[in-house]
Amino acid sequence: MKKKVMALAICTALLLTGCGDKTTEEITDYGVSTSTQSTKPVESSTTASTEEAGTDEKTTGQTGKKTDELPERQNGGTPIWEDTFSIGNVPAEISIDHVSREMDYLHSYKMHDIVEDQIREEEIVKNMFGDTGTEVKRTLSEKEGDNYYLVGFVQGLYGSIHPEATTYDGKSEVPSWEDGEDMFYHTYEGTYLGLTYYLNISYSKLSREKQVAFYPKNPGDLVDAPALTDIQPLPNHIEGINTEIWSGKNVWEEMKDRPNRTQSSPEQLIASAKDFAEGICRIPVSEDDMKVIVGQDEGDPVQNEIFFFSEDEAEKGNLDGAVLDGYEVQLDLLHSGTSDMRYWMLGNSGSLWVNDKGVFAGYIKTSFEMEEQIADHVQILEFDNLMEAVREMLKSEFDPTKVNGQKLKINNAVLMYFPVESEEDPHEYTLVPAWAFTAESNGKIGYIVVNAVDGSKLMIMYTQ
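Residues numbered from 1 in each chain as written. Predicted model: local features only at pLDDT ≥ 70, side-chain atom pairs only at ≥ 80, totals over all residues. Heavy atoms only, no water.

Within the span of helix α1 (residues 121–129), buried status applies to E121, I124, V125, M128 and F129. On an axial view of α1, the arc spanned by its buried residues comes to 105°, and they lie on one face. Facing away from the buried side of α1 by over 90 degrees, the exposed positions are E122 and N127. One or two positions beyond α1, positive phi appears at G130, with a value near 60°. (Buried < 20%, exposed > 50% of the residue type's maximum accessible area, 1.4 Å probe, protein only. Helix = DSSP H or I, 4+ residues; strand = E, 2+ residues; numbered from the N terminus. Arc of directions from axis to C-beta.)

Below, the structure written as C-alpha cells:
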C-alpha cells in the first residue's frame, strides 16, 4: 500500500481577524435609486490638449464609461483610470488596468459567522442522505476498504485536535469521530446518488469554521467499474506509485486517447457546483470565481479531469480500464491576486468534483452563513465618482508612515462582497457590495477595500 500525501489544506484561522483598520459601521439603506458622492469637489488633472491630432481633450481620471461598461482588462495601453496625488509626504498613483466585476449579485445580505449551535449538522446529513444517514464511530482504514481521500482528510482533522499525537503517523487509518475541546469532527454513512457515501462534518470553535467533506465508499461504483478503487484529479505522475515501473511514463500520455465521459459544458458544471455550494454554505458565490477547465489543445487531458483507476494495477504499470469522468471545480481562497478576494474575505473555499450526475465528491469550507437578503439591486457609484471618492478617502485615511515614505501605487479593482460587522452583535454582519484594490509599495502588497455605494473605507490592510 502506497503512502498517500494529501493536498487538502485544513485552514484554521478566520482571515478577517486582525486584517487591519476596518470600520464596523452597519449600513442598512441600500434601496437608493440614484448614486450619491461622498467627496468634496476635486480639481481634475488633465493631459495636454490633443486638438491638433483631431481628437477630443482627454481628462485623466475619467473613463467616460459606466461601471458595467468597463473592460475586464486593458491588456496594456492606456489604463482604465489613472491619477497621481500625494498622501502627506508620500507620492501616490492610481493606475487601474484590470477590473473584475460581477454585476449579477449587487444585493445586500444579512449573515452571521458560525457559532456552535448554528452548525446545522443534522440538517446537512438529512440533505445529503435523507433517512439513510447513520453515525460512523470506528476506525477508518484504507485496508478495510475506506476511501483514501476520506481517510487522509480526517487524518488532517485528527492532527488539528491532537497535534502531539503520533498513534496514526505513517498509517492509513484514523478514528472516524472525535470531540475535542476546541474542535470536533463527525463521520456519517448513507446513500447519495444511489451509492454508499461517507460524509464528514467538522467545526473549529476557535476560528468558527465549518468544513464538509464527502466521498463515495467505492469510487468505481460511480463509473460502473467496481475494480477502480481510486479516484483523484488527473496527475502527471501518480504520487506514491512504484516509481521504477513508471519511470519515463506519463499518465497524461496513457490517458489522452480516452475521452472524458462527462458531456456537461463548463457552465453546467459550474452551475451544479454553485447550487451545491450555496446549499451547504448559504453564501452567494460568484460563478466568475469558480474555476473549471474542460478540454485542452488537441483534446489532451487536463489536471482537473477526474481520474478513476485501480491502485493495484497502477502499481504494475497498468492503466487498463482507467477512465476519465468529471472535472474538479475549484472555489478558491486568495492565492494569485485580487480576483479571488471575495472568497478571502468570506472565508469559504472548496474543491467540488462534478460530472453529468452532479457533484459527486469533494469538500467545502465556510466561516459564514446567510440569514436573508435585505436589499435587492443595490445602487453603486459609477466608476469615475467612485475613484474620486477613493482618492479623497486615501488622503485622510491612509497612514503614510506605513510605507516609510515610499511611493504607493493602487491598481487592480475587484467588485466583491465584504462583511461589515454589526455594532449590536459581533457575530452578525451585513454583506455589502465593495471594491477591493491592490496597493503596492516597495515590492510589498496590501489591500484597500471601499464601500461600492459611497466609496467610504471598509478596510485598509497595510503592507508588511
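This is not the end of the story, as more comes after the structure.
Our next topic: the pattern of salt bridges. Under the counting rule described, the total for this entry stands at 15 salt bridges. In this structure, the salt-bridge partner of E123 is R120, at a minimum N-O distance of 2.8 Å. Assessed through its relative accessible area of 14%, R120 is described here as buried. Between R138 and D146 there is a salt bridge, with its nearest N and O atoms 3.0 Å apart. Here D146 falls in the buried class, since its relative accessible area comes to 5%. When salt bridges that share partners are traced, they join D83, R391, E392 and K395 into one network. (Salt bridge = Lys/Arg side-chain N within 4 Å of Asp/Glu carboxyl O.)

Among the 14 residues that make up strand β20 (residues 408–421), 11 are buried, leaving the element largely enclosed by the rest of the structure. In the sheet, strand β3 (residues 90–96) pairs with β20 via three bridges, with the strands oriented parallel. In the sheet register, I94 faces β20, and the bridge partner there is I410. In this sheet, strand β21 (residues 428–441) lies alongside β20 in antiparallel orientation, the contact comprising 12 bridges. Across the sheet, N411 pairs through a bridge with T438, a residue of β21. From the end of β20 to the start of β21, which pair antiparallel, there are six residues. (Pairing = 2+ DSSP bridges.)

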